[in-house]
Amino acid sequence: MTRPTTLLCAGLAVAFAGFTPAQGQQVSPAVKSAEQVRIAAIARAKSSAVCVFARGGRGGGSGVVVTPDGYALTNFHVVKPAGASMKCSMSDGQLYDAVIVGVDPVGDVALIKMLGRDDFPAAEIADSDQVRVGDWCFAIGNPFLLATDFQPTVTFGVVSGIHRYQYPAGTLLEYADCIQTDASINPGNSGGPLFNAQGQLIGINGRGSFEKRGRVNVGVGYAISINQIQHFMGYLRSGRIVDHATLGATVTTNENGKVIVSNILQSSDAYRRGLRFGDELISFAGRRISTVNGFKNVLGIYPRGWRVPISFLHEGEQIDTHVRLSGVHSTEELISQIQQTPKADPKPGEDPPGPPGRPAAPKAVKPAPEVAKLLEMRRGYANFYFNRLNRDRVWSRLTEEMDCSKFQGTWKLFGQIDQLGDLEFSLGDDQSQANMPQGIVVLDAENDLDTQLGPRGSGGLLVALHLWRHLLVKGPGEFGEVYYLGTTPMMGRTGLHDTLIGTHRVIEVRFMFDPEEGRMVGLEMYPDLGADPCEILFEDFRPVGDQMLPHTLQVRQGDLLYGTIELKNYEMSEKQAP
Amino acid sequence: MAAPRTRRTDHRSWMRLGICCALVAGFSIPVPAADLASVTLKVQPKMVKVYGAGGLQGLESYQSGFLVSADGHILTVWSYVLDTDFITTILNDGRRFQAELVGADPRLEIAILKIDAENLDFFDRSQDVELDVSSRVLAFSNLFGVATGDEATSVLHGVVSAKTMLDARRGVFKTPYRGPAYVLDAITNNPGAAGGALTDHQGQLAGILGKELRNSLTNTWLNYSIPIAQLNPAIDDILAGKSRPRTDDETAMRPDRPHTLSSLGLVMVPDVLAKTPPYIDAIRRESAAEKNGLRPDDLVLFVGDRLVPSCEALRNELGFIDQIDEIRLVIQRGDELLDITLPGLKNANP
């Protein structure tokens, strides 16, 4: 830290030379140094900030680049009027094309991808749970669309509150667990970044409290926390329209100030885990729950389909378990939300008091060919191109180490289950069989699979293995409909895992892949989406020929571990038996 | 006054010489500003969320307040939110208390509530500070009612832009307060912010956040705070019990022939609410009330030094004053506060 020292010496030298305070401004070196630190942080942060322009002047907002290959975050309500492609400027003065990737209409987040570079300046992402009330922060964006020279506006302030919950305001937008700031957030700032004093990304600005002065900043703005967005990143990359989580139960505060269950769906996973009306919630997803808002805040930051820990008191006894979160909205509801034409929806980012003489509604403009390459519209998806991209990425990563496509014939797996004895699985296209210590189970693939859920108590282990082989042999193209879900946590493992969902006739199977090595480390087979699936955790991968195959299978259904299978041997034939 | 900041730098001898010269030259190196996050943590436990009457026609039913004693005295603004028997307060840790209105000074637009608690974190008013123009400030409040339960109130930052007297021209500002005010550039003029605390960057109390005020000439909204020094004498009086409504005092003697509303010629608005504000509905011709300047629509605030927050409190308080004694009233007429004295009866009625 030599610069402040130099300044101190310079200041002192000047003082010693007889320069008196009365003759001009004396700025303390501490102030000068703080200013330099701030200028540097802002300069760094500004390089990743983006101004988003919808085609034809239909509005715009802000965004921030988060990866060097051009993925950028913004608000859903900024991209909604823009359509599938838009233009984005950066502070280098350049205008770039961008396409929509995935959207989260409930959380008001969207992921876009900017084209033209593989070295975009990306924001450094911080841990928003470390943000404290009173910390300095700054927002960068395009309020009032002032950035005609592509230089965004910087506004500075403090964090006024954290873990703030904002009720849905007549739309399905719900701002949970957000960061409140008095840095000015105005129409046009939406979708833009909120940085901490070090210039690291802590949130995406999107909402404000407004009242008698209309939609201009009155010191209360809200940013979606970056930790929430990180939960959704995999989902957003999947090109889908993603949904938020629900527990399948509602809570209220009783007269003792405890948070208790006021309503619960019997078909929910929470009910299957033992949660009942009147139970007291202790913690959820690792956070202690002391108020209803606190619960909503935690719930609001998770995507549908995640599985999170939960602790509750049931009849005096504490139960610690994991619960699968289902969705808040039906697919149809979400699709209809994004296919609506934008109306007078008062949000910062739309209809700012812009310059006069705005152009009339333009004729439809076809995107340029290099942009059109990345667009594939399909019902239910924001941009199916990215779903296919990720599905294929996961599959080709898997098949680098485990390509079973040539083993079209019967597979035999030999091993034992716990201390109970030997077993043998024989898996084929039309028929599969399990020779268990307790007896033999046969699966006829011609009949309904969801009625053949042996061995008893496993929830359908044989069907699960049958479909596991089916995917590995046929690939995602022929399994049935296979799409990329996003990334999800897995019980018994750390980190988020790429997840594919395949539907084969009526059965849905989830396949989870290790993010580092690309291996398939688990699957969940749902014969009935309202019941616990058969879960298999694949471990102990060892080479078999030139394949890496799992040699330990942990099988569970619901809260019960059915058994741990140790495999000794694989025999996989290449041809169908005549 | 401030000690030089110590640093781990290279110990070049000419640096040391420079520091000595600086001290000699009176060049003071300021102590670095306190970490605002820890200052905020220190202040938040003293903040209170206040809920009461309102919720209709865009008037929110909440405001802010802060503790000024360890056993639960809360300073807040005097407003319609307190026009109810059921004032609820929620502390920073989420504990709820029903609060009692123990006193108010409508001239200063402040009120003191009391909750039944002890060992609370509070602003020690012997530590309060006076600010200058450009003083850096923090404004703590529950603006927009964002915080509920055990969520902390919000904090805004800014500076004192001006230190001035509120414009005393009639009708410009709808407030009886005419004293000095800090004008801020932090947007404290927001629903629910009134009653919040203004502090310096060390968390020392400087003022109370004022109510939403609009300058009717310029149509601008003023962000202001009343300096705590202006309020301290009144707060001390209220804490000493001086304006507490008499209903709580069982030992006072009631005279045989007290004043009554009808003997004074006053007809109050129908007493239909739990706590009907004592507005004068009508005045009998030739009565003492008319002769001494009372008018319909006047709001009776004090009888003597006693706060009368309701028609019932007014009736009750009159019952302690002998007919032959005079009555000093403080009334509110529009934005103005007036002192009106009604003389005692010259001849006692049989």
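Calculation notes
- Residues numbered from 1 in each chain as written.
- Chains lettered and ligands numbered in written order.
- Predicted model: local features only at pLDDT ≥ 70, side-chain atom pairs only at ≥ 80, totals over all residues.
- Helix = DSSP H or I, 4+ residues; strand = E, 2+ residues; numbered from the N terminus.
- Contact = placed C-beta atoms within 7 Å.
- Buried ≥ 20, exposed ≤ 12 C-beta atoms within 10 Å, placed from the backbone.
- Arc of directions from axis to C-beta.
- Domains from an automatic or database assignment.
- Nonpolar A, V, L, I, M, F, W, Y, C, P; charged D, E, K, R; others polar.
- Core = buried A, V, L, I, M, F, W, Y, C linked by C-beta atoms within 7 Å.
- Pairing = 2+ DSSP bridges.
- Axes fitted to C-alpha atoms, helices over the stretch in contact; angles between N-to-C directions.
- pLDDT = per-residue confidence, 0-100.

(A) Quick peek at the overall build of chain A. A count of helical and extended segments in chain A gives 11 helices and 31 strands. Residue pairs at least 24 apart in sequence account for 60% of intrachain contacts in chain A once pairs closer than 6 positions are excluded.

(B) How the structure looks around the overall build of chain B. Secondary structure summary: chain B contains 6 helices and 20 strands in total. For chain B, the residues scored as buried account for 40% of the 350 residues in total. The contacts of chain B with a sequence gap of at least 6 include a subset with a gap of at least 24, amounting to 64%.

(C) Here's a closer look at helix α2 (residues 36-43) of chain B. Where α2(B) is concerned, the buried positions are Leu36(B), Val39(B), Thr40(B) and Val43(B). On an axial view of α2(B), the arc spanned by its buried residues comes to 100 degrees, and they lie on one face. Residues of α2(B) that are buried make contact with β8 (153-166) of chain A together with β1 (47-51), β7 (136-141), β8 (154-165) and β10 (197-200) of chain B.

(D) Expanded view of helix α6 (residues 311-318) of chain B. When we look at burial in α6(B), the residues that qualify are Cys311(B), Ala313(B), Leu314(B), Glu317(B) and Leu318(B). Take α6(B) and look down its axis: the buried residues cluster within an arc of 160 degrees, on one side only.

(E) Representation of the domain arrangement of chain A in the model. Residue and element names in this part refer to chain A. Partitioning chain A into structural domains gives domain 1 (45-244), domain 2 (245-327) and domain 3 (388-572). On a C-alpha basis, the centroid separation for the pair domain 2 and domain 3 is 30 Å. A breakdown of the residues in the side of domain 2 that touches domain 3 according to their chemical character gives 2 nonpolar, 4 polar and 2 charged.

(F) Structural context of the nonpolar core. Ala72(A), Ile112(A), Ala139(B) and Ile208(B) are the most contacted members of the largest nonpolar core, which has 187 residues in total. Not counting chain neighbours up to four residues away, the residues in contact with Ala72(A) comprise Val50(A), Gly63(A), Val64(A), Val65(A), Val66(A), Ala98(A), Ile112(A) and Met114(A). Among the nonpolar cores identified, the runner-up in size contains 49 residues, and Leu443(A), Leu461(A), Val463(A) and Met490(A) belong to it.

(G) Molecular detail of unusual backbone geometry. Here the amide bond leading from Gly454(A) into Pro455(A) is cis, since omega sits at -10 degrees, within 30 degrees of zero. Inspection of the secondary structure assignment puts Pro455(A) in the loop between β24 (439-444) and α10 (461-474). The backbone of Glu109(B) sits at a positive phi, close to 55 degrees, despite the residue not being glycine. One can find Glu109(B) in the loop between β5 (96-105) and β6 (110-114).

(H) Looking closely at the sheet that holds strand β25 (residues 481-489) of chain A. All names here are of chain A. Within the open sheet, the 11 strands sit side by side as β24-β23-β22-β21-β31-β30-β29-β28-β27-β26-β25. Their pairing is antiparallel. Each edge of the open sheet is held by one strand with a lone partner, namely β24 and β25. Neighbour to neighbour, the strand axes of the sheet diverge by 20 degrees on average, direction disregarded. The sheet contact formed by strand β23 (residues 431-436) and β24 spans 6 bridges and is antiparallel. When the bridges of β24 are listed, Gln433 appears paired with Val442.

(I) Representation of the pairing of strand β7 (residues 136-141) of chain A within the structure. Residue and element names in this part refer to chain A. Most of β7 sits out of view: 6 of its 6 residues are buried. Burial along β7 is two-sided: Trp136, Phe138 and Ile140 facing one way and Cys137, Ala139 and Gly141 facing the other are all buried. Where β7 and β8 come together, 6 bridges link them in antiparallel fashion. Of the residues in β8, the one forming a bridge with Ile140 is Val154. In this structure, β7 lies alongside strand β10 (residues 193-196), joined through 3 bridges in antiparallel fashion. Counterpart to Cys137 in the pairing with β10 is Asn196.

(J) Examining the environment of Thr153(A) more closely. Residues and elements named next belong to chain A. Along the chain, Thr153 falls in strand β8. Residues Thr153 and Cys51 lie 102 residues apart in sequence; the distance between their C-alpha atoms is 10.0 Å. With residues near it in sequence (within four places) discarded, Thr153 still touches Gly141, Asn142, Pro143, Leu146 and Ala147.

(K) Just the sheet that holds strand β11 (residues 201-208) of chain A, in detail. Residue and element names in this part refer to chain A. A barrel is described by the order of its strands in space; here 6 strands give the closed sequence β7-β8-β9-β12-β11-β10, paired in antiparallel fashion. Strand-to-strand twist of the sheet, defined as the mean angle between neighbouring strand axes without regard to direction, takes the value 45 degrees. Strand direction decides the pairing type here: β10 and β11, joined by 3 bridges, are antiparallel. Within β11, the residue paired with Leu194 across the bridge is Gly203. Where helix α6 (residues 292-299) meets the sheet, it contacts β8 and β9 (175-181), and its direction lies at approximately 115 degrees from that of β8.

(L) Representation of the confidence of the model for chain B within the structure. Residues and elements named next belong to chain B. With 86% of its residues at a pLDDT of at least 70, chain B reaches an overall mean of 86. Scored below 50 in pLDDT, residues 24-32 shows 18 contacts in the model against residues more than four places distant or in partner chains. The complex prediction reports pTM at 0.86, with the ipTM value standing at 0.85.

(M) Seen up close, the pairing of strand β21 (residues 411-417) of chain A. All names here are of chain A. Alignment of β21 against strand β22 (residues 421-427), held across 7 bridges, turns out to be antiparallel. Across the sheet, Ile417 pairs through a bridge with Gly421, a residue of β22. In textbook terms, the turn of a hairpin is the stretch between consecutive antiparallel strands, and for β21 and β22 this stretch comprises 3 residues, one of which, Asp418, has a positive phi near 45 degrees.

(N) Here's a closer look at the domain arrangement of chain B. Residue and element names in this part refer to chain B. According to the domain assignment, chain B consists of domain 1 (29-242) and domain 2 (246-342). Here the C-alpha centre of domain 2 lies 30 Å away from the C-alpha centre of domain 1. The interface of domain 1 with domain 2 comprises 12 residues on the first partner and 11 residues on the second. Across the side of domain 1 that touches domain 2, the residue classes break down as 4 nonpolar, 3 polar and 5 charged.

(O) Region of interest: the confidence of the model for chain A. Averaged over every residue, the pLDDT of chain A is 88; the share at 70 or more is 90%. Segment residues 341-347 of chain A is flagged for pLDDT under 50; beyond a separation of four residues in sequence, or across chains, it makes 8 contacts in the model.

(P) Quick peek at the environment of Val43(B). Residues and elements named next belong to chain B. Locating Val43 in the fold gives a position in helix α2. Counting along the chain gives 264 residues from Val43 to Leu307, while the straight-line C-alpha distance between them is 30 Å. Setting aside anything within four residues of it in sequence, one finds Val43 in contact with Phe140, Ala197, Thr199 and Gly203.

(Q) Representation of the environment of Met253(B). All names here are of chain B. Within the secondary structure, Met253 is located in the loop between α3 (228-239) and α4 (261-264). Looking at Met253, the number of C-beta atoms within 10 Å reads 7, which means it is exposed. Considering only alpha carbons, one finds Met253 and Phe320, 67 residues apart in sequence, at a separation of 7.0 Å.

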